[in-house]
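# Examination of the molecular architecture
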Amino acid sequence: MQSSISLSSSYAATISGPRHSFPLAGAAPAPSNLRFCGLRRQAFTPTSLNRHRHRHSRRLPLSAAVSASLSDNGTAPKSFDYDLLIIGAGVGGHGAALHAVEKGLKTAIVEGDVVGGTCVNRGCVPSKALLAVSGRMRELRDDHHLKSLGLQVSAAGYDRQAVADHANNLASKIRGNLTNSLKALRVDILTGFGTILGPQKVKVGSSSNVVTARDIIIATGSVPFVPKGIEVDGKTVITSDHALKLEIVPDWIAIVGSGYIGLEFSDVYTALGSEVTFIEALDQLMPGFDPEISKLAQRVLINPRNIDYHTGVFASKITPARDGKPVTIELIDAKTKEQKDTLEVDAALIATGRAPFTQGLGLENIDVVTQHGFVPVDERMRVIDANGKRVPHLYCIGDANGKMMLAHAASAQGISVVEQVTGRDHVLNHLSIPAACFTHPEISMVGLTEPQAREKGEKEGFEVSVAKTSFKANTKALAENEAEGLAKLIYRPDNGEILGVHIFGLHAADLIHEASNAIALGTRIQDIKFAVHAHPTLSEVLDELFKSAKVSYS
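The rules behind each value
Residues numbered from 1 in each chain as written. Predicted model: local features only at pLDDT ≥ 70, side-chain atom pairs only at ≥ 80, totals over all residues. Heavy atoms only, no water. Helix = DSSP H or I, 4+ residues; strand = E, 2+ residues; numbered from the N terminus. Buried < 20%, exposed > 50% of the residue type's maximum accessible area, 1.4 Å probe, protein only. Contact = heavy atoms within 4.5 Å. Pairing = 2+ DSSP bridges. Axes fitted to C-alpha atoms, helices over the stretch in contact; angles between N-to-C directions. Left-handed = near helix turned anticlockwise from the far one by under 90°. Right-handed = clockwise from strand over helix to strand, strands pointing away. Salt bridge = Lys/Arg side-chain N within 4 Å of Asp/Glu carboxyl O. Expected span 1.5 Å × (residues − 1). Patch = residues over 30% accessible without salt bridge, like charges linked within 9 Å, V, L, I, M, F, W, Y side chains within 5 Å. Areas by Shrake-Rupley, 256 points an atom, 1.4 Å probe, with all protein chains shown as cover. Lys, Arg positive; Asp, Glu negative; His and termini not counted. Charge placed at Lys NZ, Arg CZ, Asp CG, Glu CD. Core = buried A, V, L, I, M, F, W, Y, C linked by side-chain atoms within 4.5 Å.

Further remarks concern the overall build of the chain. Along the chain, the regular secondary structure elements total 15 helices and 23 strands. The buried share of the chain, taken over its 554 residues, is 57%. Within the chain, residue pairs in contact and separated by at least 24 positions form 67% of the contacts whose partners lie at least 6 positions apart.

Listed below in structure tokens is the structure:
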């Protein structure tokens, strides 16, 4: 059973966690919140490319006896145009393409928009640029913190358009890097929307251009989910797509949903001077995070800032500002559906999650029925048809399958699929995939929350223990005067298995990977305790965390 790092929304009935495995029958998850990406960096200098070619010039033992050389991006069998065709050039499709070329497959990507997908163009990449600005602004405006370090800084300000340009320029740069990496490896980029016509056959664009491939990967991603009753005008009622352009910094903005998207944008807007009101359908903010981490995060990220909130309510209707009137938001009780209140604000950001972008793919041509828009797949990302049978040579990765709506998860799924089509069975452990929220301080997590772990322990008959360590005991954090933070380890004391790790504090997003790699490799606590960490570094927070765990050696 996949764990949930569920992200909240004002529509609790339609939102579920991003980690979700589809059974062959039954309900599918509804849209879940914005994910954050880790891009696979690769240098494509002539020297490195030649070295790469030399390393893969030998014949490769592929499952279908496909022999290829990297220099010409492979040679497909005469009956197919390509060994692998990927529909969607986001982070997932890009990761799959790079690995496919490394494996000697003749590869093409079909893209109807721009390379990079949501993450690069309308998600994780530009949002990190805005969050970099918000982090600097918080530092420059925190007189108490600066004085404690012996610093004096005059009043800090910002240029809204320059901040927006920084986010746009970063997205453009990363998009260009991804495009150039594909071209450098001679991956064909086919422009147009991909439509599956039948087994191993895809039409590209509106023309009669039809291409065939031995294997096909669907990697079409997702779009912002906007519940009924909400009118988006792109100016005063916006989604994350619009917010990333930073065309306005409103005096007062309501954020519908307090998951990853909402939290990050609250960090940006409050740093730039806005007042924020959260509207959350569930009874507490930040549902889906480990409850203890959520409680601490609320004390640090919400309570001291210009943020108020309404929990247990739906935004049943939102009307954009017009004719001199402000944005109006009608709130109803999430349980009784009775009218609760009406808010009038300058702007509203709809952060209620994301919906899969799978319409128009031609899935009906291969007898595949989506579940709330998600493409049903098995644990190997193989697409399942309406009769519960696997569709040969067809896979789906990333947001489109709903298993775990994170860009780096999509890339990992794509790499896993390539392993399979080249003859090596591979099943991705989604519990080993980390997630992060880039607030100030950051939040990160991998594996199960404490309630999930205890539920699993009760069902399977094992004990669950918890260890914690504070950033206040870390020398580097104290030197930075950024000692507000907590790391939490959830584990089995009988055998040392790591069930989950949750971190709130300085650079939490970077620290989580020691734990995620340990889970992925099956490393037990009694072994990782012997790892050596440089002193003084923040990594010692994890060192102390693992060493504080009590494991039975019997």
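The antiparallel open sheet is built from five strands, whose spatial order is β19-β20-β23-β22-β21. Looking at which strands have only one partner, the edges of the open sheet turn out to be β19 (435–437) and β21 (465–470). Pairs of neighbouring strands in the sheet enclose a mean axial angle of 10°, with direction left out of account. The pairing of strand β22 (residues 486–491) with strand β23 (residues 498–505) spans six bridges and is classified as antiparallel. Bridged to Lys488 within β23 is His502. Of the strands in this sheet, β19 and β20 (442–447) are in contact with helix α8 (residues 260–271), which crosses β19 at around 35°.

Glancing now at the packing of helix α4 (residues 124–141) against helix α6 (residues 160–184). It is at 8 Å that the axes of α4 and α6 come closest, and there the two elements cross at 145°. In the crossing of α4 with α6, the sense of the turn from one axis to the other is right-handed. Counting all contacts with α4, which are made through Val125, Pro126, Ala129, Leu130 and Val133, the residues of α6 involved are Val163, His166, Ala167, Leu170, Ala171 and Ile174.

In this section: the pairing of strand β11 (residues 307–311). Working note: regular strand, side chains alternate between the two faces of the sheet. Looking at chain direction, strand β10 (residues 275–280) and β11 are connected through five bridges and run parallel. Residue Val276 lies in a different strand from β11, and its bridge partner there is Ile307. The β-α-β motif built from β10, the intervening helix α9 (residues 291–302) and the parallel element β11 has right-handed crossover chirality.

This part takes up the pattern of salt bridges. Counted according to the given criterion, the structure contains 23 salt bridges. Notably, a salt bridge pairs Asp283 with Lys335, separated by 3.6 Å at the nearest N-O pair. With Asp283 in the loop between β10 and α9 and Lys335 in the loop between β13 (327–333) and β14 (339–345), this pair connects stretches of sequence that are 52 residues apart. With respect to burial, Asp283 and Lys335 carry one shared label: exposed. When salt bridges that share partners are traced, they join Asp290, Glu292, Glu450, Arg454, Lys468 and Lys488 into one network.

Our next topic: helix α13 (residues 508–521). Relative to the 20 Å expected for 14 residues at 1.5 Å per residue, α13 spans 21 Å between its end C-alpha atoms, a close match to the ideal helical length. Of all the positions in α13, only Ala508, Ala509, Leu511, Ile512, Ala515, Ser516, Ala518 and Ile519 are classed as buried. Of the surrounding secondary structure, the elements contacted by the buried residues of α13 are β19, β20, β23, α14 (525–528) and α15 (540–547). Of the residues trailing α13, Gly522 is marked for its positive phi of about 75°.

Right, let's talk about a negative patch on the surface for a bit. On the surface, a cluster of negative charge is contributed by Glu139, Asp142, Asp143 and Glu480. Looking at where Glu480 falls in the secondary structure, it is placed in the loop between α12 (475–479) and β22. Note on Glu480: relative accessible area 35%, which makes it partly exposed.

As a further point, take α15. Residues lying three or four places apart along an α-helix face the same way, a consequence of the helix completing one turn every 3.6 residues. Burial analysis of α15 places six of its eight residues in the buried class, the great majority of the element. Contact partners of the buried residues in α15: β21, β22, β23, α13 and α14.

Most often, soluble globular proteins keep nonpolar side chains buried together rather than apart. Counting residues in each nonpolar core, the largest one holds 48 residues, and the members touching the most others are Phe265, Tyr269 and Ile443. Ala89, Leu105, Val120 and Val421 belong to the second-largest nonpolar core, a separate cluster that totals 30 residues.

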